[in-house]
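Given next are the chains, with one letter for each unit.
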Amino acid sequence: MTKGSADMHYGGDYNPEQWPEAIWPDDVARMREAGVTMVSLGIFAWSRIQPEEGVFDFDWLDRVIDLLHEGGIAVDLATATASPPPWASAKYPEILPQDANGATYWPGSRQQFAPSSPVYRRLAAELVTAIAERYAEHPAVVMWHVNNEYGCHLNADFSDAARDAFRAWLEVRYGSIDALNDAWGTFFWSQRYGSFGEIYPPRKAPYSHNPGQLLDFHRFTSDALFECYLMEKNIIRAAGAVQPITTNFMGAFKPANYWQWAPEMDVITDDAYPDPNDPESFRASGFQRDLMRSLKPDVPWLLMEQATNALNWRPTNAPKAPGQMAALSMQAVARGADGILFFQWRQSQAGAEKFHSAMLPHAGTRTRTWREVVALGSELAELPALPAGFRDARVAIVFDWENWWAIESTDHPIVLNYLSLVQGWYNAASKLHVQIDFVRASDDLRGYRVVVAPQLYLLTDAGAASLRAFAEAGGDLLVTAFSDVVDEADRFRDGGYLTQLGEALGIWLEDFGALVPVGSAGLGQQLAPITTEFGEITGTLLAEEIHVDTATVVGAFTGGRLDGQPALTRNAVGSGRAWYLATIPDAAGTASVLGHVLEAAEIAPLLDGLPDTVEVAQRGDVLTVINHGTEAVTVSAKGTVDLLTGDTVTAFELEPFEYRMVRR
């Protein structure tokens, strides 16, 4: 077996501008010791590269890049546009963003720019042009890093620049003010507009905003950030650069619709910081990694940022346990990553993140962190080339950004946290050791056996058609409460609810039946017990009043206001089945329902007999098994061979945070 895949990157953000030049050669020497293959360079270096408008200083950057190249370290070169220098806002205060109250975000932090500002875009374009023209053909540069974590701190801008851009965006989207008025239903509350010039972003208002306006402003915000990325990408390509271009995502980040962005990323990159204080945080990071893989499943992705140890920005920042950093790193590799990088290489001496851990800590090379960094670099270098892992899962969960924006709008039957609800189904699959892909409802769903659509409140015509076709072609479709309620404008369709999926589900929906949130002090019914063919489960938040047309009742509410009425149904449609769950079950109920549907679809675990603190992930023919628990476990893995040694494996022991990679 060939060892040492050249495709596996290892490294982190490198900020040499924070350090005297005399330290740079030592940095490169230590990088080689740690097995570093690539660093991200210049992410926050705008003020060093361009100390004033029209003046560029590249001499220091030339020396850094050449030094890294001589040391065999590749460069992911950033465009440095994420944090404008003080001179920019002092000279052009119109680039500063504002919140919904009209308060300005001032300099002194980072990301203090209005994405729609023509002046910001001009200054950013001038900077990117100078960088790209200088380094497009430098042999050290193997990738381009546009901006950094778009929208991370500035989730939305309400400035005059945003006002003007929002109006222009709406005119392109709707074509006429009459079409916009119709989509937004503006005769309600006398909101009828006479021109696009009368429209503002949803700034501070006396009461609830128009839902259509809110939804479109979410779309506009994502598009405005995306336009900035595309501008920089086009400049880099115009300079003759042929290297991959990307920007670092942040998992399930609400303000930016990554499904829309992903096709323009040559490679997906992601930043992930699970909390060591949370023993279940490995599931949240698994969710994030599966989402990244799903965004562009035919291309391996990169974990662009994680922490080697403790963070600095939570109320309490626990260190990672011995071995936990490597376990979470290999979790990413198991789910399709071909690169493991950190923020950052050398821990900062000053600034807001000086307590954030790094590959090379303040305490130096005598630390556990350093030993673990070196060990992980060595282990990654030993890995053979891994398969891309294209569509290994047979189970998919629908995750939709526009639905996220719409379902969390105000004035609904009950407040719902969409991400948490989707994660609940993912966590259940994780504990059942079943691989998950994420999809949009409108995607090509062929190849999956089961598709789960949690709380798909906003459902487009194309999405509904795809889900129906999936079930008719032999799949098992599970739709949950508060789905198929509104169209893409957040308006009810004629005919009430479940207008697109009701026939396939074999039911119709009369009312949503909001419950009092569990643990709250409010009066009324909090829980909705259900008796099913496979046992008792408990519903929360919603207990919908549904009526059966052609479906079979699999479970019924017991007690409460819906005693005896259907809660879980199954309907034959084409050669498949469509299931409907008229509530939001607790964690145990979610696992029971999913397990029943998976059993009906003959979906088996990747490996049998694992405790739920042990995860297993499939990447092509490679299985990675990781013990996130506090006790050693024995794993039965008959019919596999050790990935590195080629030895036949029937069973193996895993200590806490230990992992093993095997081939089927």
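Residues numbered from 1 in each chain as written. Predicted model: local features only at pLDDT ≥ 70, side-chain atom pairs only at ≥ 80, totals over all residues. Heavy atoms only, no water.

**Q** How would you summarise the overall build of the chain if you had to cite specific residues and measurements?
**A** Each helix and strand counted, the chain has 17 helices and 26 strands in total. At 26 Å, the chain has a C-alpha radius of gyration in line with the 26 Å of a compact globule built from 664 residues. A principal-axis box enclosing the C-alpha atoms of the chain has dimensions of 75 × 70 × 45 Å. Counting over 664 residues, the chain shows a buried share of 59%. (Helix = DSSP H or I, 4+ residues; strand = E, 2+ residues; numbered from the N terminus. Rg over C-alpha atoms; globule rule 2.2 N^0.38 Å. Buried < 20%, exposed > 50% of the residue type's maximum accessible area, 1.4 Å probe, protein only.)

**Q** How would you explain helix α6 (residues 160-174) if you had to name every residue and give the values?
**A** In this model, α6 (15 residues) spans 21 Å end to end at C-alpha, consistent with the 21 Å of a helix rising 1.5 Å per residue. Taken as a whole, α6 has its buried residues at Ala161, Ala162, Arg163, Phe166, Arg167, Trp169, Leu170 and Tyr174. The first or second residue beyond α6 is Gly175, which carries a positive phi of 80°. (Expected span 1.5 Å × (residues − 1).)

**Q** Lay out the sheet that holds strand β26 (residues 659-663) in plain terms, naming residues and giving numbers.
**A** Strand order in the open sheet made by the five strands is β22-β23-β26-β24-β25, with antiparallel pairing throughout. Two strands in the sheet have a free side with no partner beyond their single neighbour: β22 (614-619) and β25 (648-654). Each strand axis lies, on average, 20° off the axis of its neighbour in the sheet, ignoring direction. Here six bridges tie β22 to strand β23 (residues 622-627), and the two strands are oriented antiparallel to one another. Across the sheet, the residue bridging to Ala617 is Thr624, located in β23. (Pairing = 2+ DSSP bridges. Axes fitted to C-alpha atoms, helices over the stretch in contact; angles between N-to-C directions.)

**Q** Give a description of the environment of Glu171 that names residues and reports values.
**A** Tracing the sequence through the fold places Glu171 in helix α6. Expressed as a C-alpha distance, the spacing of Glu171 and Gly197, which sit 26 residues apart in the sequence, is 9.9 Å.

**Q** Give me the lowdown on the pairing of β25, citing residues and values where you can.
**A** By the bridge criterion, six bridges tie strand β24 (residues 633-642) to β25 in an arrangement that is antiparallel. Within β25, the position partnered with Thr640 by the bridge is Val649. The antiparallel hairpin formed by β24 and β25 contains five residues in its connecting segment, where Gly646 sits at a positive phi of about 80°.

**Q** How would you explain the pairing of strand β11 (residues 436-439) if you had to name every residue and give the values?
**A** Neither face of β11 is exposed, since Ile436 and Phe438 on one face and Asp437 and Val439 on the opposite face are all buried. In this sheet, β11 lies alongside strand β10 (residues 395-398) in parallel orientation, the contact comprising four bridges. When the bridges of β11 are listed, Val398 appears paired with Val439.

**Q** Just give me the short version of the packing of aromatic side chains, but keep the residues and values in it.
**A** Summed over the entire model, instances satisfying the criterion amount to 38 aromatic pairs. Relative to Tyr258, the ring of Phe249 lies with its centre 3.7 Å away and its plane at 10°, an arrangement referred to as stacked. Accessibility assignment for this pair places Phe249 and Tyr258 in one class, buried. Its end group placed over the ring of Tyr200, Arg167 keeps NZ or CZ at 4.8 Å from the ring centre. Directly above the aromatic system of Phe187 lies the positively charged group of Arg192, at a separation of 4.2 Å from the ring centroid. (Phe/Tyr/Trp six-rings, centres within 6.5 Å; stacked < 30°, edge-to-face > 60°. Lys NZ or Arg CZ within 6 Å of the ring centre and 35° of its normal.)

**Q** Could you give me a rundown of the confidence of the model for the chain, with the residues and numbers involved?
**A** Within the chain, residue pLDDT values average 96, and 99% of them lie at 70 or more. Across residues 1-5, where pLDDT falls below 50, the model places 16 contacts with residues more than four positions away in sequence or in other chains. (pLDDT = per-residue confidence, 0-100. Contact = heavy atoms within 4.5 Å.)

**Q** Please provide a residue-by-residue account of the sheet that holds strand β21 (residues 583-585), values included.
**A** Sheet architecture is open: ten strands sit in the order β11-β10-β12-β13-β20-β19-β18-β15-β16-β21, paired in mixed fashion. Both edges of this open sheet fall to β11 and β21, since each of them pairs with a single strand only. Strand-to-strand, the axes of this sheet are offset by a mean angle of 25°, without reference to chain direction. Helix α17 (residues 587-600) rests against β10, β12 (450-453), β13 (476-480), β16 (535-543), β18 (552-557), β20 (576-581) and β21 of the sheet, and its axis sits at about 170° to β20.

**Q** Give me helix α12 (residues 368-382): which residues, what numbers.
**A** Relative to the 21 Å expected for 15 residues at 1.5 Å per residue, α12 spans 21 Å between its end C-alpha atoms, a close match to the ideal helical length. All of the buried residues in α12 are Thr369, Trp370, Glu372, Val373, Leu376, Gly377 and Leu380. Viewed along the axis of α12, the buried residues span an arc of 160°, placing them on a single side of the element. The inward-facing, buried residues of α12 abut β1 (9-14), α1 (24-34), α11 (324-334) and β9 (337-342). (Arc of directions from axis to C-beta.)

**Q** Outline the environment of Thr640, listing residues and values.
**A** You can see Thr640 is positioned in strand β24. Looking at Thr640, its side chain comes within polar contact range of the main-chain oxygen of Ala637, at 2.7 Å. (Polar contact = N/O pair within 3.5 Å; in protein donor to acceptor, adjacent residues only side chain to side chain.)

**Q** Outline the pattern of salt bridges, supporting the account with residue identities and numerical values.
**A** The final tally for this structure, using the stated rule, is 38 salt bridges. Residues Glu227 and Arg121 are paired through a salt bridge, measuring 3.0 Å at the closest nitrogen-oxygen approach. Separated by 106 residues along the polypeptide, Glu227 in helix α8 (residues 211-238) and Arg121 in helix α5 (residues 118-135) bring together distant segments of the chain. Several salt bridges share partner residues, and in doing so they unite Asp290, Arg293, Arg335, Arg391, Asp437 and Glu615 into one network. (Salt bridge = Lys/Arg side-chain N within 4 Å of Asp/Glu carboxyl O.)

**Q** Could you give an account of a nonpolar patch on the surface, naming the residues involved and the relevant values?
**A** A grouping of Phe188, Trp189 and Tyr207 is seen on the molecular surface, where their side chains present a nonpolar patch of about 420 Å² in accessible area. Along the polypeptide, Trp189 turns up in the loop between α7 (177-184) and α8. Residue classification places Trp189 among the partly exposed positions, given a relative accessible area of 49%. (Patch = residues over 30% accessible without salt bridge, like charges linked within 9 Å, V, L, I, M, F, W, Y side chains within 5 Å. Areas by Shrake-Rupley, 256 points an atom, 1.4 Å probe, with all protein chains shown as cover.)

**Q** Give a detailed account of the state of the cysteines, specifying residues and quantitative values.
**A** All chains considered together, the criterion is met by zero disulfides. Here Cys152 is not cross-linked by a disulfide; its sulfur's nearest cysteine counterpart is in Cys228, at 16 Å. Taking relative accessible area as the criterion, Cys228 reaches 1% and is therefore assigned buried. (Disulfide = S-S within 2.5 Å.)

**Q** Run through the packing of α6 against α7, naming residues and quoting values.
**A** Interaxial distance between α6 and α7 falls to 8 Å at its minimum, and their mutual angle equals 90°. As summarised for this structure, α6 and α7 are arranged roughly perpendicular, according to the angle between their axes. Residues Phe166, Leu170 and Tyr174 of α6 form the contact with α7, whose participating residues are Ala179, Leu180, Ala183 and Trp184. (Parallel < 35°, antiparallel > 145°, perpendicular 65-115°, else oblique.)

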